[in-house]
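Observations on the model geometry
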Amino acid sequence: MRFLTSSRRVFWVALVTVSLSGLLPQSPAVSNFTFYVDAASPSVSTCPFVPNGSACPAACTVPTCGTQVNPCKGIQSVINIANCAIGSDPNLEADVSVTAGTYTERLFILPNVHVIGAGREVTTLDPDNCATTPCGSNGQRGSVVVFSEGGVGFARPKQKFSISGFRLMHGSGTQITFGDLTHARGGGGILVFGDVLF
């Protein structure tokens, strides 16, 4: 009987260890590309969303900012640059490294892109009073962050995308239409279509 008790104890410890390992912080993504954003940067990218099946314009393939030496001012345009760098290859990934600051943006994060802030105490996403396209139709607020392929992710599977190190503020959710045409508002902070890592 003593052997069984010992065996059960070892099993219990193993079970607890495995269960708790899921609560530990995940290691940072190991990506093929890293792009940089700084709210204080004077450099602005004009890289737009690129619909599936379209070629990336020069503003995305030969960006004027996004390096560590010359970061871009806005996050969404750098996500778009990362999207074009990855292209249709589902095996490539990109990190978007964001310095401390308040970013008045609503983000649409595409598959294989990881957006990494400097920490939630110092890096804020707040689309309040935002009047640009990424903030929603006519500048209306919605979810602060949306994860989806949405016809602009080169048809890569809706997985392997993440966000970390941000405080999200003033999200009011996005209207979701279901198959039976009923509506609901969801995702005030984050709205997910796919498999996301937090």
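To start, this report covers the structure provided alongside it.

Thresholds applied
- Residues numbered from 1 in each chain as written.
- Predicted model: local features only at pLDDT ≥ 70, side-chain atom pairs only at ≥ 80, totals over all residues.
- Heavy atoms only, no water.
- Salt bridge = Lys/Arg side-chain N within 4 Å of Asp/Glu carboxyl O.
- Helix = DSSP H or I, 4+ residues; strand = E, 2+ residues; numbered from the N terminus.
- Buried < 20%, exposed > 50% of the residue type's maximum accessible area, 1.4 Å probe, protein only.
- Pairing = 2+ DSSP bridges.
- Contact = heavy atoms within 4.5 Å.
- Expected span 1.5 Å × (residues − 1).
- Axes fitted to C-alpha atoms, helices over the stretch in contact; angles between N-to-C directions.

Our next topic: the pattern of salt bridges. Within this structure, the stated rule accounts for two salt bridges. One salt bridge in this structure joins Lys-160 and Glu-93, with 3.9 Å as the shortest N-O distance. With Lys-160 in the loop between β7 (145–147) and β8 (161–164) and Glu-93 in the loop between α3 (75–86) and β2 (94–98), this residue pair connects regions lying 67 residues apart in the sequence. In this structure, Glu-121 and Arg-120 form a salt bridge, with 3.7 Å as the shortest nitrogen-oxygen distance. Residue classification places Glu-121 among the exposed positions, given a relative accessible area of 63%. Judged by its relative accessible area of 59%, Arg-120 is exposed.

A separate point is the sheet that holds strand β6 (residues 123–125). In space, the three strands of this open sheet follow the order β3-β6-β9, with parallel pairing throughout. Only two strands of the sheet have a single neighbouring strand rather than two, namely β3 (101–103) and β9 (167–168). Across three bridges, the pairing between β3 and β6 is parallel. Paired with Gly-101 across the bridge in β6 is Thr-123.

Summarising the element assignment, Phe-166 is placed in the loop between β8 and β9. Counting along the chain gives 44 residues from Phe-166 to Val-122, while the straight-line C-alpha distance between them is 7.7 Å. Once you skip the residues sitting within four places of it in the chain, Phe-166 turns out to touch Ile-75, Val-98, Val-115, Ile-116, Gly-117, Gly-119, Arg-120, Thr-123 and Leu-125.

If you check α3, its first and last C-alpha atoms are 17 Å apart, about what twelve residues at 1.5 Å a residue would give, namely 16 Å. Among the twelve residues that make up α3, eleven are buried, leaving the element largely enclosed by the rest of the structure. Looking only at α3, the buried set comprises Ile-75, Gln-76, Ser-77, Val-78, Ile-79, Asn-80, Ile-81, Ala-82, Asn-83, Cys-84 and Ile-86. A positive phi of about 65° marks Gly-87, the residue just after α3.

Moving on: the sheet that holds strand β4 (residues 107–109). The strands making up a sheet associate through hydrogen bonds between their backbones, and the pairing can be parallel or antiparallel. On the basis of which strands lie adjacent, the open sheet formed by three strands has the order β4-β7-β12 and parallel pairing. Looking at which strands have only one partner, the edges of the open sheet turn out to be β4 and β12 (190–192). Across the sheet, the mean angle from the axis of one strand to that of its neighbour is 15°, orientation sign disregarded. Of the pairings in the sheet, the one linking β7 to β12 comprises three bridges and is parallel in character. Across the sheet, the residue bridging to Val-146 is Leu-191, located in β12.

Just geometry here; none of it tells us what the structure is for.
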